[in-house]
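# Remarks on the overall topology
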Amino acid sequence: MAKQQENMGMDSVLKEKRIFKASVQFSKKSHVPSMVAYDKMYKAAEKSPDKFWGDIAKNFFWFKTWKKVVNWKNPDAQWFIGAQTNICYNALDVHVGTWRANKAAIIFEGEHGDQAVYTYSQLHREVCKFANVLKRRGIEKGDRVAIYMGMSPQLMIALLACARVGAVHSVVFGGFSSTALADRINDAKAKAVICSDGVSRRGNVIDLKKVVDDALVNCPSVLNVIVFQRSNNAVSMVEGRDHWWHELAALASVDCPAEKMSSEDPLFILYTSGSTGKPKGIMHTTGGYMVYAGYSHKHVFDIKDEDVYWCTADVGWITGHTYVTYGPLLNGATQVIYEGAVNYPDWGRIWDIIERHKVTILYTAPTAIRSFIRAGDEWVNKHNLSTLRLLGTVGEPINPEAWIWYYNVVGKKKCPIVDTWWQTETGGIMISPLPGATPMKPGSATKPLPGISVSIVKKDGSPCKANEGGFLVITKPWPSMLRDVYGDRDRFVKTYWSDIPGAYFTGDGARRDKEGYVWIMGRVDDVVNISGHRLGTSEIESALVSHEAVAEAAIASRPDEIKGNSLVAFVTLKSGYHGDSDLKHELQNHVVKEIGSIARPDEIRFAEALPKTRSGKIMRRLLREIANGNMNVSGDTSTLEDFSALEKLRVHDDE
Ligand code: ATP
Ligand code: MG
C-alpha cells in the first residue's frame, strides 16, 4: 500500500438519500422476508458461527462429516475439518436422484442463435464421460488443468469434470493472449489444457486453439490438450499431444464415481482481474467454498425452482465460477448460458435473450449497464421484460444514476437490485442486500451477509466513525475465503494480512452510514488527496455520471504544487453529445453543485473509451499515469482489454 494512504480518513462527498424496497408480495415469498429475519440470522451467526455454518453445511452431501467446523489461526483457516465431499456430486448427483433429473440445468444460446438444453441428468452424463476422459489421459487428484474456452456448456462440463476427479482447475479467460495463457499455465504447472477450437465474438471466430499452440511452445508441463469442436475453424493437431473431445468422449463410460475429496483439498486456482497490479493466483479449496457458494447464491438471488437465472459473467472470472458454475447447480437452478457479446448483432441482444428465455433473474456488471444506457432506452423498450423479478450487479461500484436507470428502465420499478460486493479472494458475495429484506440505497452494497463480519477501520485497526471513510476489512474467517496465492505464500501474507492488524484487508476503501450501510468508495490505491482531504474515486465519478451527457467517468490525480494534487476526470459521453469547452465547464460546475468545490475536477478529458480490464473494470492506475504525462505506462497491462483505448488517451496527452 502506498505510504500516502496510511491514514486514510476519506472524506465522504456523496449525498444519495433515496431508499427503495421490494414489494410486499416479493418479500413474502422470499427466503429471508424481512429485516427482522435478517437480523435474527445475522445475530445467530455472530453468536455461534460453528453452529450457524455447521447447520448450513448439513444441507449438502458429505461422504464423511466434519470433526470441527473451523480452525482459524490468522492468516490460515481450515473449514469442515476431517470431512469429505465432492462439489460436482453436490452440483449434479444429488439432483439426478430427484425430480430435478429432468429439469433444465442449462439453456445455452450461441452467438449465431443455435440453442441447446441440458437437463441435470444429461449434464451429469456428459460430466461423467468427460471425467473418464480426463482419467484416461492420466489426470489424477491434485493435478492442475488449465481451461481456455468460450462460454459454453462444455466449459462448465470441463470444470465439473475436473472437480469430479479431484483435479484443480485453472480457468483462463478465453480472450487472453498466448503470453498471458502461458504465464498462467506455468505458474500452476498444469498437466493438461482443455480448450475449444474457437469461439464466436461479434460475428468473428476467434481461433483459441492457435493461441494455445503458441502458448504451449513455452509450457513444458503440458502433456495433453483436449479440444472441443465448437466453431469448426481449421486447427492443427499435434500428434500424441492433442485430442478431440468428441472422439475421446465417444469411447468413455457414463459411469464415473466422484472422488472423495477432503474438505481442504484445493478446488481451483483463479487469477484476479489485474485492476491494481499483476494478477494474483487465488487458491480456493473444496468444502468451505461449496457451502458458501450454495448459501450465498440461494439467499442473495432468492433462487427458486421456477426461476430462469442469467448471470452474464464469463466463467473465466470468479463470478462465472461461483455464480454460473457452482452456485446455481448446487441449488438445482435453471440458467441461461450465452456464448457471445451481449450487444451483438445489436444493442437489443441481451433484452431479446431475456424475453425469449423468460429470464427472471439478471446478474450483470456496471460496465454493461453503463454501455446500455449509452445505447439508449429504445433498445430495452422494444422487448417484453415482464418475467424479470430480480436484478443484480457486480464488479465495480454502481453509480447511483446507473442504478436508477437499471431499476426504472430494465426492472420497471418492480425488481429489487442486489449490488453485490465481493472479490476473487472472498470466493462469494460478502456484502449485498437480501432482496426480500434489505431496503436498498442506490450505490450502496448495503449490509454483509449473515455470517460475514466486516468493519471499516483506520490503519491501526481501530474502527472509523459513521460516514468516515477508511479501509474495508473482514474481521472473522468465512468458509470460502482464499487459502493462498498459489505458489506465493509471501504475497498472500503481505497483500491481505499485513496492513491491518488482525483482519483480512480487501484493498478497498469504504464508509458506513448511520444505518450501517456500506458504501464502497474505490480502491485505496486510487484515493486522491486534495488540499488535505482524501477523496474516494467512486463518489466523484458518480457525480459526473449523474449529468445527462455522461456515460462513464474515471477520476485520477496528479501532483499539484498548491493543492497537493489536482483532479483529472476522464469522461465518455452518451451518443448525441459533443465534448467541447462549454461542456467541460458545465461538468465542472455540475460536480461542484452535486458535492462541493472540493471535488471540482481541475481538468476534464473526453475520451472515446476508458482503459478496462477484460472483466470490464476501469483501470485507474493507467489513467493516473496518463494524467501525470507518463507516455510509457509501467506495471502489468496483461489484462488490459483494448490497447487502442490507452493509445488514444496518450495521443490526447500530446495535444
Ligand atoms: P486485482 O486484485 O488484480 O487488482 P480486481 O480487484 O479488479 O483485480 P476482482 O477480484 O475481479 O479483481 O475484483 C474485486 C474488486 O472489484 C473488489 O475489490 C472491488 O474493488 C470491486 N468490486 C466488486 N464488486 C463491487 C461492488 N458491488 N461495488 C464496488 N466495488 C466492487
Ligand atoms: Mg483485487
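Residues numbered from 1 in each chain as written. Chains lettered and ligands numbered in written order. Predicted model: local features only at pLDDT ≥ 70, side-chain atom pairs only at ≥ 80, totals over all residues. Heavy atoms only, no water.

### Topic: the sheet that holds strand β15 (residues 266-271)
Judged by pairing direction, the sheet is mixed, and its 8 strands sit side by side in the order β13-β12-β9-β7-β8-β15-β16-β24 without closing on themselves. Two strands in the sheet have a free side with no partner beyond their single neighbour: β13 (242-244) and β24 (484-485). Of the pairings in the sheet, the one linking strand β12 (residues 224-228) to β13 comprises 3 bridges and is parallel in character. Residue Val225 lies in a different strand from β13, and its bridge partner there is Asp242. (Pairing = 2+ DSSP bridges. Helix = DSSP H or I, 4+ residues; strand = E, 2+ residues; numbered from the N terminus.)

### Quick word on unusual backbone geometry
A cis amide bond links Asn74 with the next residue in sequence, Pro75, at an omega value of 5 degrees. Structurally, the position occupied by Pro75 is in the loop between β2 (68-73) and β3 (76-81). With omega at 0 degrees, the peptide bond leading from Tyr344 into Pro345 counts as cis. As for its placement among the helices and strands, Pro345 is situated in the loop between β18 (334-338) and α12 (349-357).

### Here's the deal with helix α10 (residues 287-300)
Helix length check: α10, at 14 residues, gives a terminal C-alpha distance of 20 Å against a target of 20 Å (1.5 Å per residue), a fit within 8%. The buried fraction of α10 is high, at 13 of 14 residues. With its phi angle positive at about 45 degrees, Asp302 sits one or two positions after the end of α10. (Expected span 1.5 Å × (residues − 1). Buried < 20%, exposed > 50% of the residue type's maximum accessible area, 1.4 Å probe, protein only.)

### Examining the confidence of the model for the protein chain
Residue-level pLDDT values for the protein chain average 95, and 98% of them are 70 or greater. Per-element confidence in the protein chain ranges from a low mean pLDDT of 70 for helix α20 (residues 643-654) to a high of 99 for α10. In the model, residues 1-5 has pLDDT below 50 throughout and makes 12 contacts with residues more than four positions away in sequence or in other chains. Two summary scores accompany this predicted model of the complex, namely pTM at 0.96 and ipTM at 0.99. (pLDDT = per-residue confidence, 0-100. Contact = heavy atoms within 4.5 Å.)

### Details of the side chain of Asp213
Relative to the helices and strands, Asp213 resides in helix α8 (residues 208-216). Within the local environment of Asp213, its side chain forms a polar contact with the side chain of Arg241, the two groups lying 2.9 Å apart. Excluding residues within four positions of it along the chain, Asp213 makes contact with Ser236, Arg241 and Asp242. (Polar contact = N/O pair within 3.5 Å; in protein donor to acceptor, adjacent residues only side chain to side chain.)

### A few points about the pattern of salt bridges
Think of it this way: side chains of opposite charge can pair up when their charged atoms draw near. By the definition in use, this model includes 38 salt bridges. Here Glu109 ties to Arg356 by a salt bridge, and the two come within 2.8 Å at their closest N and O atoms. Highlighted residues: Glu109 in strand β5 (residues 104-109) and Arg356 in helix α12, separated in sequence by 247 residues. Of the charged contacts, one joins Lys209 and Asp213 as a salt bridge, the two residues approaching to 2.7 Å between their closest N and O atoms. Placement of the pair is Lys209 and Asp213 together in helix α8, with a separation of 4 residues, close to one helical turn. Each of the two residues, Lys209 as well as Asp213, counts as buried. (Salt bridge = Lys/Arg side-chain N within 4 Å of Asp/Glu carboxyl O.)

### Considering the UniProt feature "domain: AMP-binding enzyme C-terminal" (unreviewed entry) in the protein chain
If you check UniProt for "domain: AMP-binding enzyme C-terminal" (unreviewed entry), the listed places come out as residues 539-617 in our numbering. A distance of 16 Å separates the end C-alpha atoms of residues 539-617, which is 28% helix and 32% strand. (UniProt positions renumbered as here; feature names shortened; annotations may be inferred.)

### Thoughts on the sheet that holds strand β20 (residues 390-394)
One open sheet holds the 7 strands; their spatial order is β6-β5-β18-β17-β19-β20-β21, and the pairing between them is mixed. A strand with exactly one partner marks an edge of an open sheet, and here the two such strands are β6 (115-119) and β21 (417-420). Taken over all neighbouring pairs, the strand axes of this sheet differ in orientation by 20 degrees on average, direction set aside. Of the pairings in the sheet, the one linking strand β17 (residues 308-311) to β18 comprises 2 bridges and is parallel in character. If you follow Tyr309 over to β18, its bridge partner there is Gln335. (Axes fitted to C-alpha atoms, helices over the stretch in contact; angles between N-to-C directions.)

### Topic: the site of ligand 1
Lining the immediate surroundings of ligand 1 are 20 residues, of which Thr272, Gly274, Ser275, Thr276 and Thr424 lie closest. Contact between ligand 1 and Thr272: an oxygen atom at 2.6 Å from a side-chain N or O atom of the residue. At a separation of 3.3 Å, a nitrogen atom of ligand 1 approaches a polar backbone atom of Glu396. Protein burial of ligand 1: of its 640 Å² of free accessible surface, 95% is covered by the chains. Elements with a minimum of two residues in the shell around ligand 1: β21 and β26 (518-523). Here the shell around ligand 1 is composed, by residue class, of 4 nonpolar, 9 polar and 7 charged. (Near = heavy atom within 4 Å. Areas by Shrake-Rupley, 256 points an atom, 1.4 Å probe, with all protein chains shown as cover. Nonpolar A, V, L, I, M, F, W, Y, C, P; charged D, E, K, R; others polar.)

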